[in-house]
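Residue strings, one per chain:
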Amino acid sequence: MGMALDAAWQYQGLTYPNPAVGCAIVQNGAVIAVGAHAKAGEPHAEVMALKEAYMALSIDRGIEKLTQAHEIHEYLLKHHNGIFLFCDMYITLEPCTHQGKTPSCASLIQKMRPKNVYISHYDPNPEATGGAQALISSGIDVHYGICEDEGNALLEPFIKWNEKNFILFKWAQRLDGTVDGGLISDEASRKRVHEIRNCCDLIVIGGNTVRMDRPVLDARLSDGKAPDILIYSRSTDFDKDIPLFGVEGRNVFVEDSLDKINEYKNILIEGGPSMFEATQKIVDRYLCFLAPKSGGKTGFTNEEIDLEILNSKQLDNDLMIWMGKKG
């Protein structure tokens, strides 16, 4: 389950409005496949793992170039020949039962008939829940609550934006703790931020940052969309030639409160110490890109806040660290 969770975290922030989900498949004690859901509309984690496991257990390569969920489903249904009967599946989220942009994962697993299915967290979406019961009714042994706390931490963004909204605070810093002095993150980190922006409804940024950095705040490195912008500022005096004001189809709000956030579902706050302090009570998750360098002059000097690391991954040279508030 740890491998399934880790695979899902690679795509945290990129699957909206779907949850990040991972799946690992084991045969005779050996992990033969790990899959994750990468983007809404693309194959779910179970499908990606079953595809990889099929290639590991079979000499058939007809499935290799298939990328669409329905194509992979149909191929497995036609060619599986009981190949998964002695496999166990570890899934971070209960397999979905509904037919949306992709077919039902629970229905596919029912027909693949693995020996055991281990699930970390039930599906809180009433339209998709019931997958575990469907598997049980088919005679598959289902085990719930494996790494349940870790599964809940992974799933929290999905739960939050379905209840009201999810608010992520992102910043970049160097090893010496500084956050000023120009470009900090490497290209891989900047691309990841653009991928996250592409999945957001709203970006929140401070007025001073806009005046000093003159940013675009789009998702050009991932060929994505430019979300709406909330500039949190007491002053409405801005140079309207700043690039972010010129993006077609985007709404830019300049307000001295954060109330606009309540009109959106998936919110990304980008900023430094001032924004960190101003938004501390409303943020759900924190994301730091830590660059192995020094060179700035100022860093965070806010009042103490206890965070816990939920997951960390190296992106080229930088370290991407997901954090939540302790307690």
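First things first, this report covers the structure right here in the doc. Quick caveat, the model's predicted, so the values are computed rather than measured.

### Looking at the sheet that holds strand 4 (residues 116-121)
The strands that make up a sheet pair up through hydrogen bonds in the backbone, lying either parallel or antiparallel.
And step 1. Taking strand neighbours across the sheet as the criterion, the five strands line up as 2-1-3-4-5 in an open arrangement whose pairing is mixed. Of all the strands in the sheet, the pair left with one neighbour each is strand 2 (30-36) and strand 5 (141-144). This sheet shows a mean twist of 15° between the axes of neighbouring strands, independent of strand direction.
And step 2. Note that strand 3 (residues 87-93) and strand 4 share five bridges and pair parallel. Within strand 4, the residue paired with Tyr90 across the bridge is Tyr118.
And step 3. On the sheet, helix 2 (residues 45-57) packs against strand 1 (22-27), strand 2 and strand 3 and is oriented at approximately 140° with respect to strand 2.

### Here's the deal with the packing of aromatic side chains
And step 1. For the structure on display, the rule yields 15 aromatic pairs.
And step 2. Relative to Phe166, the ring of Trp161 has its centre 6.2 Å away and its plane inclined at 75°; by these criteria the two rings are edge-to-face.
And step 3. Between Phe238 and Phe245, the aromatic rings sit 6.2 Å apart at their centres with planes inclined by 50°, giving tilted as the arrangement.
And step 4. A relative accessible area of 8% places Phe238 in the buried class.
And step 5. An aromatic cluster is built from Phe169, Trp171, Phe276, Tyr286 and Phe300, whose rings are joined through pairwise contacts.
And step 6. Geometry around Phe238 places Arg211 over its ring, the cationic atom sitting 4.1 Å from the centre.

### So, the sheet that holds strand 8 (residues 228-232)
And step 1. Strand order in the open sheet formed by eight strands is 9-8-7-10-6-11-13-12, and the pairing between neighbours is mixed. Edge positions in the sheet fall to strand 9 (252-255) and strand 12 (307-315), since each of these pairs with one other strand and no more. Shown here is a sheet whose adjacent strand axes are inclined to one another by a mean of 20°, direction ignored.
And step 2. Contacts from helix 6 (residues 148-163) reach strand 6 (166-174), strand 10 (266-270), strand 11 (285-291) and strand 12 within the one sheet, and its direction differs from that of strand 6 by about 130°.

### Re the pattern of salt bridges
Opposite charge on two side chains makes pairing possible when the charged atoms of those side chains draw close.
And step 1. All chains considered together, the criterion is met by 10 salt bridges.
And step 2. One salt bridge connects Glu156 with Arg285, and the closest N-O pair in it is separated by 3.2 Å. On the criterion of sequence distance, the pair formed by Glu156 in helix 6 and Arg285 in strand 11 is long-range, its members being 129 residues apart. Comparing Glu156 with Arg285, the two get one shared label, buried.
And step 3. Of the charged contacts, one joins Glu270 and Arg197 as a salt bridge, the two residues approaching to 2.8 Å between their closest N and O atoms.

### What to know about the nonpolar core
One recurring pattern in soluble globular proteins is that nonpolar side chains are buried together.
And step 1. In this structure, Ile25, Leu50, Leu76 and Val117 are the most contacted members of the largest nonpolar core, which totals 66 residues.
And step 2. The element contributing the most residues to this core is helix 2, with seven residues.
And step 3. Beyond its immediate stretch of four places on either side in the chain, Val117 contacts Met89, Ile91, Ile109, Leu135, Ile140, Asp141, Val142 and His143.
And step 4. In terms of nonpolar packing, the next biggest core, distinct from the first, is built from 19 residues, Tyr264, Val283, Tyr286 and Met323 among them.

### Regarding the environment of Ala188
And step 1. Structurally, Ala188 can be placed in helix 7 (residues 187-198).
And step 2. Separated by 134 residues in sequence, Ala188 and Tyr54 have C-alpha atoms that sit 31 Å apart.
And step 3. Setting aside its immediate chain neighbours within four residues, Ala188 contacts Leu315 and Asp316.

### So, helix 1 (residues 2-9)
And step 1. Listed in full, the buried residues belonging to helix 1 are Ala4, Leu5, Ala7, Ala8 and Trp9.
And step 2. Next to the buried residues of helix 1 lie strand 1, strand 2, strand 3, helix 6, strand 12 and strand 13 (318-325).

### A few points about the environment of Asn251
And step 1. Inspection of the secondary structure assignment puts Asn251 in the loop between strand 8 and strand 9.
And step 2. Residues Asn251 and Ile229, 22 residues apart in the sequence, show an inter-C-alpha distance of 6.3 Å.
And step 3. Other than its neighbours up to four places away in sequence, Asn251 contacts Asp228 and Ile229.

### Examining the packing of helix 3 (residues 69-79) against helix 4 (residues 105-112)
And step 1. It is the contact of helix 3 with helix 4, at a shortest axis distance of 10 Å, that shows an interaxial angle of 15°. If you check the angle between helix 3 and helix 4, you find them roughly parallel. Along this stretch, helix 3 crosses helix 4, giving a crossing that reads as left-handed. Contacts between helix 3 and helix 4 involve His73, Leu76 and Leu77 from the former and Cys105, Leu108, Lys111 and Met112 from the latter.
And step 2. Residue classes in the contact of helix 3 with helix 4 are distributed as five nonpolar, one polar and one charged.

### Brief notes about the side chain of Thr15
And step 1. Within the secondary structure layout, Thr15 lies in the loop between helix 1 and strand 1.
And step 2. Residue classification places Thr15 among the buried positions, given a relative accessible area of 1%.
And step 3. At a separation of 3.3 Å, a polar atom in the side chain of Thr15 contacts the main-chain amide nitrogen of Ala20.

About the cut-offs
- Residues numbered from 1 in each chain as written.
- Predicted model: local features only at pLDDT ≥ 70, side-chain atom pairs only at ≥ 80, totals over all residues.
- Heavy atoms only, no water.
- Pairing = 2+ DSSP bridges.
- Helix = DSSP H or I, 4+ residues; strand = E, 2+ residues; numbered from the N terminus.
- Axes fitted to C-alpha atoms, helices over the stretch in contact; angles between N-to-C directions.
- Contact = heavy atoms within 4.5 Å.
- Phe/Tyr/Trp six-rings, centres within 6.5 Å; stacked < 30°, edge-to-face > 60°.
- Buried < 20%, exposed > 50% of the residue type's maximum accessible area, 1.4 Å probe, protein only.
- Lys NZ or Arg CZ within 6 Å of the ring centre and 35° of its normal.
- Salt bridge = Lys/Arg side-chain N within 4 Å of Asp/Glu carboxyl O.
- Core = buried A, V, L, I, M, F, W, Y, C linked by side-chain atoms within 4.5 Å.
- Parallel < 35°, antiparallel > 145°, perpendicular 65-115°, else oblique.
- Left-handed = near helix turned anticlockwise from the far one by under 90°.
- Nonpolar A, V, L, I, M, F, W, Y, C, P; charged D, E, K, R; others polar.
- Polar contact = N/O pair within 3.5 Å; in protein donor to acceptor, adjacent residues only side chain to side chain.

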